[in-house]
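Descriptive analysis of the structure
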Amino acid sequence: MTYVITQSCCVDAACVPVCPVDCIHPTTDEGDFAKVEMLYIDPVACVDCGACAEACPVDAIVPDHGLTEEDRCFADFANAYYAETGRAPRRPVLMAGRPERADAPELRVAIVGTGPSACYAALDLLERRDVRAEIIMIERLPAFGGLVRYGVAPDHQRTKRAADAFQRQLARGGVRFLFNMEIGRDISVAELHAHFHAIIYAVGAPGGRNLGIAGEDLPGVLSASRFVGWYNGHPDHAGLAPDLSGRRAVIVGNGNVALDVARILLGSEADLATSDIAAPARAALAGSAIEEVVILGRRGPAQTAGTASELSALARMEDIDIIVDAPPALLDQDASGSFAERLKRSLLADMARRPLRGHRKRLVFRYFRAPLAIEGDGHTERLLLSRTDDADAAPEALDCGLVISSIGYRGAALEGLPYDEARGIYPNEGGRILPGTYATGWIKRGPSGVIGSNRRCAAETVDALIADFGAGRLPAPSGDDAAFAALAGARRSDHFGLDGWERIDRHERANATSPAQVRAKLTSIAELVAVAKG
Amino acid sequence: MVQKISYCRICQASCGIIANVEDNRIVQIVGDADNPLSQGFTCPKGRRGGELLAGPSRLTQSLKKQPDGSFAPIDPLVAAAEIGARLTEIIGESGAESAGMFRGTQQAFNSLTRSIAAAWWKGVGSHKIFSTMTIDQSAKWVVSGRMGDYMGGRQGFDDADVWMLAGTNPLISVNGGTADGVLMHNPSASLRAARERGLKLIVIDPRRTETAYQADIHLMPVPGHDALIFAGILNIILSEGLHDREFCDRFADGVEALADAVASATPQRVEAVTGIPAGQLLEAARLFAKGPRGMVSTGTGVCMGPDSNVAEHLATCINVVCGRYRREGEPAFGPAVMMPDLPARAEVSPPARSWERGWRSRFGAGVLMGELPSCTLNDEILEPGEDRIRALIVSGANPLLAMPDADRTRRAFASLDLLVAIDTRLSETAQMADYVIAPTMFYERGDHTMTMEYVFPKPYAMATGPIVEPPPGTIDDWRFFFELARVMDIPIRVSGRDLDMDAPPSSETLLQWAAGRGRVPLAEIAAAPHGLLAAPRQAKVEPASDAMKDNRLQLIPEDVAQEIAAALARPGAGDGELRLIVRRMRGIMNTLGREFRDIGDGFNPAHFHPGDMARLDIAEDSQVRLTSRHGSVTAVARADPTLRPGCVSLTHGWGGLDPASAQGVNVNVLTGHDALTQTVNHMPVLTGVPLMVERAA
Ligand SMILES: Cc1cc2nc3c(=O)[nH]c(=O)nc-3n(C[C@H](O)[C@H](O)[C@H](O)COP(=O)(O)OP(=O)(O)OC[C@H]3O[C@@H](n4cnc5c(N)ncnc54)[C@H](O)[C@@H]3O)c2cc1C
Ligand code: SF4
Ligand code: SF4
Ligand code: SF4
């Protein structure tokens, strides 16, 4: 037997330092780790101790005999990876050592957000030995986890367990929480700063980038951020009611979010059985008329932005037809690019070769196409496309009732903080906006990277913060805990702490509609608050 | 923060580890890839060793029961003085036999405790010594007592062509059969390597275990008929003449009689009772017999099942008739490094039948490997009689949980005049004790691997110092026993030396003395930080000595013949009957480890084949009531498609005694003594137990 890393890997590299034989690669200092899609276990060197599986926050690592049929391909991926890269000599196990300081000074930090980057920042701070961090995490929603709860696809339950792991670790560390409290609305940036040495903004990128084409405001045109929020039960998007009555939906962009959306649109009710998809979305999708989902790529198949593991999730859908609008041979012959890129192309080539079986639903990958305009009489009827590989070609019209733009997320400005309009981020240097004001996660570096990418991102931010603190650049706050609690209470009476979230969590789990389902999500602020308040 | 190299002492595997130590706490444990024995492997228990030492349930001081039933701290040396005085008093009144001792697995992984406790016990002069062995693997002792032992050594795993594993899942239990050391060290990678060089693996297990998954042939029987399966295999081997005649002629008596005794176990009969297809049994038997090298080894699945003594006996007979032992002139196997290098000889040490000679208890139990069967402990305490046990010392064990019929054990313990538990936590047994002695734990004491050598597949040894300081209120186990001896005026002789009872030696000195006659000097071993792989022994298996050359293995003595007949006649399971089987969790070592965070689900689910769940209309995660003829427990049902239909699998040693406890179910409630209890070791049936299953309200 050997252990295998599967689909939910979020590249946080938590497994790497616990492997006694150093057989999980690439490691953070090998190659371009920032671009890595997932890690692979060397099946020859692995001694099957299972240490990595215990360290993995998303249960991505399983013994090979525990692999499901669908996950078998991941064992092949690992074999292919090591066949190609060979085996690096084992490095001695060196566990991270941190300096100790018994009389460490207290450092009061507020972290805005409870998404992955906020959690990693808090965990990193808790591990520091040179300060005693007093941390409060402030979240505008009455729910924990940011995009893990509201972005990650509802059928990726193992990935969603990352939130459970964060919650468990933070609860152990004694971090305090303030849910249902929005910075900028309920408490201003300046007020917040008066109570803490430092603030880490981990507010993510809530909006979608615009297509910037005519007809974008027609009903039937949605950004992926809203559509994803809708099926995940985000209170801001729970009432979206997208129009699923047309036969064809077009997704602009072919990154992982686009692939998630396609999978949800094409999946059967059975595929969603174990998911925690919001109940209204489940019902709407069950009555959906959509039979074809077209995924548009501006560039060629080799540049498909989604990862191999998400592509393989689509490839494993048995009851749909898949059309890849590219000659398979072209995909096979191209030997350029990284291991992951070639793996992706070979998956696309396999999909392209898959015979059509006349299923009711189908998925079409189209390439070298850009949207020109959306047309329709009061609602979306067709999308006009141009060819990016042939400037002279006439525009092409594609009939469709739904257009979902999935060309990236975008941060939002917050009053009192600088904002880089062009990049949609808070301008920063290694996480430092100003001494005392920091950013991490998507609002710091832009909307890319998986859950685990935020770990190193947060560590960098915390390094900057600790350096400023050490250099005396963070004056003692004027308000203390009691003052902050009084302020919060004066602004809103319906905020709550970890116990409230735990009540919601228990309530949702207890109300799952079938044993296979993890939870039944509450989707309105009022319901969430009511349960939290017990 | 500092990194320390040591080895884990939770089980025999003795895995090398690297520990991150901060403020005298072990914050992380990683396998030591440079350890030549374990090569980086550790299991979840081992990696949580730090939690065991510093967890909230760790006892950091010794306790004395107060009149109101509460515990108050006591200095361990003061406690020893009080206990010693009380023991002396009780022995003065009722004789030495009124004192008893129960030893647990944890004592075995601490080289000093065993010898000092044994020396003290010798001075006490009581026969009433018990251990978990007799509710676990003592069938192997019984086999050796009735058949005798071949002294040239068993064939090894490293150059085997075929191996048969029955009722053991070494990839999880890290133990391919006691005294074999097979697949105990870095088990998965070792098995992979063996299979790559061509080893054929046969696994007999009612579950498609992690190990069975690797097998060339997996026999998946109805549990509880191991004796019949081994008889069936023997029948094929002997009737097809596939056995090693030369070895049998030279070393074994009773091959013909054995052939007759197993003649009824035809492949068809085995199929009818166990569900193993006749063709598959034939294939397995022939593959094994073809060998030419490799053995059958058995684990708890066999040793805890019905007819365990016979089943083990027949399994050993397979090894004997196939001659899977080292012959004269072959390289001798012996991992001895710190142990003296004793010669291996191609001769038989005759059956000892120790239980038929010498001292016998008033319940007719004789001594087996120096011990009495644990299952007679309750009788020894509760039944009136001149030598009734009035005082019991429990060392590193939790018999209240580990033995069947916990209610009776509780009554027995409550009736004692003195109960002393040496335990690192307030176990169920310790809670009942008058004194609880809090010992130091591994990583807090120095030790070496000498007493584990017999299970090492290579000549390996390691010595370690303490890597953290023990809590100030604890005491080394051996030191406690030394103190008892001193108070009771009992001289202690260990490693050939009489100790000065007024000046206890240091642990280091004792460890040094213990290894004093080793093949490699201790200093050399201590100088190898990751453990030492010594040069292989050059010795060859020597010819039989004159005194022993006429001894032969007794394959089928009279009592065994009768037991075989009874076992082979047992009917199979009724239609739709469910049977309990044992299961090892990687996180659990007997009763140790239940309190680890993040292990398993935090409870002990009952696993069913999905087909059985459908048939019985049981939903995943719903509560089911399991009832045997001994008792009844409620558990959470889980589907496990790797099980053979008809099996319910639960982990042993789990759960508190409270049936409603969040830690879940204690399987021992379902087991107990009945007509199937074995002779000699009084071993009850702990696996293969028929169960009634219903949905709980
Ligand atoms: C659709 C989708 C699917 C994804 N799937 C995966 C996947 O399968 N695997 C994977 O590894 N990664 C996945 N990712 C990526 C992953 O979710 C991100 O890397 C990660 O969530 C970014 O973390 P963050 O903390 O920066 O932002 P977020 O997770 O967005 O967290 C920001 C938090 O801040 C809160 N907040 C915002 N403003 C305020 C304010 N003013 N006051 C208080 N609180 C505020 C928000 O409510 C939110 O909870 C996916 C992303 C998306 C969009
Ligand atoms: S199972 Fe152990 S050896 Fe294998 S990859 Fe995981 S940590 Fe490394
Ligand atoms: S999610 Fe993290 S711990 Fe799990 S496999 Fe991926 S990198 Fe390793
Ligand atoms: S197998 Fe586990 S418990 Fe046994 S020695 Fe190794 S790490 Fe320790």
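Thresholds, definitions, all that
- Residues numbered from 1 in each chain as written.
- Chains lettered and ligands numbered in written order.
- Predicted model: local features only at pLDDT ≥ 70, side-chain atom pairs only at ≥ 80, totals over all residues.
- Heavy atoms only, no water.
- Helix = DSSP H or I, 4+ residues; strand = E, 2+ residues; numbered from the N terminus.
- Rg over C-alpha atoms; globule rule 2.2 N^0.38 Å.
- Buried < 20%, exposed > 50% of the residue type's maximum accessible area, 1.4 Å probe, protein only.
- Contact = heavy atoms within 4.5 Å.
- Areas by Shrake-Rupley, 256 points an atom, 1.4 Å probe, with all protein chains shown as cover.
- Expected span 1.5 Å × (residues − 1).
- Arc of directions from axis to C-beta.
- Near = heavy atom within 4 Å.
- Nonpolar A, V, L, I, M, F, W, Y, C, P; charged D, E, K, R; others polar.
- Buried area = accessible area lost by both parts, 1.4 Å probe.
- Salt bridge = Lys/Arg side-chain N within 4 Å of Asp/Glu carboxyl O.
- Polar contact = N/O pair within 3.5 Å; in protein donor to acceptor, adjacent residues only side chain to side chain.
- Axes fitted to C-alpha atoms, helices over the stretch in contact; angles between N-to-C directions.
- Left-handed = near helix turned anticlockwise from the far one by under 90°.
- Phe/Tyr/Trp six-rings, centres within 6.5 Å; stacked < 30°, edge-to-face > 60°.
- Lys NZ or Arg CZ within 6 Å of the ring centre and 35° of its normal.
- Core = buried A, V, L, I, M, F, W, Y, C linked by side-chain atoms within 4.5 Å.
- Pairing = 2+ DSSP bridges.
- Patch = residues over 30% accessible without salt bridge, like charges linked within 9 Å, V, L, I, M, F, W, Y side chains within 5 Å.
- Lys, Arg positive; Asp, Glu negative; His and termini not counted.
- Charge placed at Lys NZ, Arg CZ, Asp CG, Glu CD.
- Domains from an automatic or database assignment.

1. Concerning the overall build of chain B
Regarding its fold elements, chain B presents 24 helices and 30 strands. Its C-alpha atoms give chain B a radius of gyration of 25 Å, near enough to 26 Å, the size a compact globule of 697 residues would have. Seen through its C-alpha atoms, chain B measures out along the principal axes to roughly 65 × 65 × 55 Å. Relative to its full complement of 697 residues, chain B shows a buried share of 61%.

2. With respect to the overall build of chain A
Looking only at helices and strands, chain A features 17 helices and 21 strands. For 534 residues, the compact-globule formula gives about 24 Å, and the C-alpha radius of gyration of chain A, at 24 Å, lands near that figure. For chain A, the spread of C-alpha atoms along the principal axes amounts to about 70 × 60 × 50 Å. Considering chain A as a whole, with its 534 residues, one finds that 56% of them fall into the buried category. Within chain A, counting contacts between residues at least 6 apart in sequence, those at least 24 apart form 76% of the total. Of the roughly 21200 Å² of accessible surface on chain A, a fraction of 52% belongs to carbon and sulfur atoms.

3. Some remarks on helix H16 (residues 498–510) of chain A
Residue and element names in this part refer to chain A. An ideal rise of 1.5 Å per residue puts 18 Å on 13 residues; H16 measures up with 18 Å between its terminal C-alpha atoms. Turning to H16, its buried residues are Leu 498, Gly 500, Trp 501, Ile 504, Asp 505 and Glu 508. The arc that holds the buried residues of H16, viewed along the axis, is 160 degrees, so those residues lie on one side. Of the exposed residues in H16, those oriented more than 90 degrees away from the buried face are Arg 506 and Ala 510. Residues of H16 that are buried sit in contact with helix H4 (147–150), helix H5 (157–173), strand S7 (176–179) and helix H17 (525–532).

4. Let's talk about the site of ligand 2
In the vicinity of ligand 2, 14 residues are found, and the nearest of them are Cys 19, Cys 46, Cys 49, Gly 50 and Cys 52 of chain A. When the residues that make up the shell around ligand 2 are grouped by side-chain class, the tally is 12 nonpolar, one polar and one charged.

5. Quick word on the interface of chain B and chain A
Each side of the interface is counted separately: chain B has 30 residues, and chain A has 30 residues. Across the chain B/chain A interface, buried area totals approximately 2300 Å², and carbon plus sulfur atoms make up 46% of it. Linking chain B with chain A are four salt bridges, by the criterion used here. The partner of Arg 192 of chain B in a salt bridge is Asp 48 of chain A, and the shortest N-O contact between them spans 3.4 Å. Counting across the chain B and chain A interface gives nine residue pairs in polar contact (both at pLDDT 80 or more).

6. Observations regarding the pattern of salt bridges
Residue and element names in this part refer to chain A. Taken as a whole, this structure holds 80 salt bridges over all chains when the rule is applied. Note that Glu 37 and Lys 344 form a salt bridge whose closest N and O atoms lie 3.3 Å from each other. Of the two residues, Glu 37 sits in the loop between strand S2 (24–25) and strand S3 (40–41) while Lys 344 sits in helix H12 (residues 339–353), which places them 307 residues apart along the sequence. Within the structure, one salt-bridge network assembled from shared partners comprises Arg 140, Glu 182, Arg 185, Asp 186, Asp 236, Arg 492 and Asp 494.

7. Focus: the packing of helix H9 (residues 226–239) of chain B against helix H13 (residues 278–290) of chain B
All names here are of chain B. Between H9 and H13, whose axes approach to 9 Å, the crossing angle comes to 65 degrees. You can see that H9 and H13 cross each other, and the crossing is right-handed. For the pair formed by H9 and H13, the contact residues are Ile 229, Gly 232, Ile 233, Ile 236 and Ile 237 on the first element and Leu 281, Leu 282, Ala 285 and Ala 289 on the second. Split into classes, the residues belonging to the contact of H9 with H13 amount to eight nonpolar, one polar and no charged.

8. Observations concerning unusual backbone geometry
Backbone phi values are negative for most residues with the exception of glycine, while trans is the configuration of most peptide bonds. With omega at -5 degrees, the peptide bond leading from His 25 of chain A into Pro 26 of chain A counts as cis. Summarising the element assignment, Pro 26 of chain A is placed in the loop between S2 and S3. In this chain, Gly 291 of chain B is followed by Pro 292 of chain B through a cis amide linkage whose omega measures 0 degrees. Within the secondary structure layout, Pro 292 of chain B lies in the loop between H13 and strand S13 (296–298). Notably, Arg 353 of chain B is not glycine yet its phi reads approximately 40 degrees, a positive angle. In this fold, Arg 353 of chain B is placed in the loop between strand S14 (348–349) and helix H16 (377–382).

9. Some remarks on the packing of aromatic side chains
Two aromatic rings are characterised by how far apart their centres lie and by the angle between their planes. All names here are of chain B. If you walk through the whole model with that rule in mind, you get 29 aromatic pairs over all chains. Summarising the aromatic geometry, the rings of Trp 120 and Phe 481 are spaced 5.5 Å apart at their centres and angled 40 degrees between planes, so their arrangement reads as tilted. You can see Trp 120 sitting in helix H5 (residues 111–124) and its partner Phe 481 sitting in helix H20 (residues 477–487), a full 361 residues away along the chain. Taking relative accessible area as the criterion, Trp 120 reaches 0% and is therefore assigned buried. Its relative accessible area of 0% is what places Phe 481 among the buried residues. The side chain of Arg 9 reaches across the aromatic face of Tyr 7, ending 4.8 Å from its centre. Just above the ring of Phe 288 sits the side chain of Arg 324; from NZ or CZ to the centre is 4.6 Å.

10. Side note on the nonpolar core
In this structure, Ile 111 and Phe 365 of chain A are the most contacted members of the largest nonpolar core, which totals 227 residues. Excluding residues within four positions of it along the chain, Ile 111 of chain A makes contact with Ala 118, Ala 121, Ala 122, Leu 125, Ile 135, Ile 136, Met 137, Ile 138, Ile 200 and Ala 202 of chain A.

11. Re helix H15 (residues 308–321) of chain B
Spanning 14 residues, H15 of chain B covers 20 Å between terminal C-alpha atoms, matching the ideal 20 Å at 1.5 Å per step. Once H15 of chain B finishes, Gly 323 of chain B follows within two positions and takes phi at roughly 65 degrees, a positive value.

12. A few points about the sheet that holds strand S5 (residues 106–112) of chain A
Residue and element names in this part refer to chain A. Reading across from one edge, S7-S6-S5-S8-S21-S20 is the order of the six strands in this open sheet, with mixed pairing throughout. Strands with a single pairing partner mark the edges of an open sheet, and in this sheet they are S7 and strand S20 (432–434). Strand-to-strand twist across the sheet, computed as the mean angle between neighbouring axes with direction ignored, equals 25 degrees. When strand S6 (residues 132–139) meets S7, the two strands line up parallel, connected through four bridges. From the neighbouring strand, Ile 138 faces S7, where its bridge partner is Leu 178.

13. Points about the environment of Gly 574 of chain B
Relative to the helices and strands, Gly 574 of chain B is located in the loop between helix H23 (558–568) and strand S25 (578–583). The spatial distance from the C-alpha of Gly 574 of chain B to the C-alpha of Cys 647 of chain B is 13 Å, given a sequence separation of 73 residues.

14. Some remarks on a negative patch on the surface
A surface patch of like charges, here negative, comprises Glu 70, Asp 271, Glu 318 and Asp 319 of chain A. On the secondary structure map, Asp 271 of chain A appears in the loop between helix H8 (256–266) and helix H9 (279–286).

15. Focus: the domain arrangement of chain B
Residue and element names in this part refer to chain B. Looking at chain B, the domain boundaries give domain 1 (154–325 + 552–563) and domain 2 (573–695). Both faces considered, domain 1 and domain 2 share a buried interface measuring about 2000 Å² in area, 56% of it formed by carbon and sulfur atoms. Linking domain 1 to domain 2 there are one salt bridge. Here Asp 640 ties to Arg 207 by a salt bridge, and the two come within 4.0 Å at their closest N and O atoms.

16. A look at the sheet that holds strand S13 (residues 320–324) of chain A
All names here are of chain A. The six strands are arranged S10-S18-S11-S12-S14-S13 in an open sheet whose pairing can be described as parallel. Bordering the open sheet on either side are strand S10 (221–223) and S13, each of which pairs with just one other strand. Direction aside, the axes of adjacent strands within the sheet are offset by 15 degrees on average.

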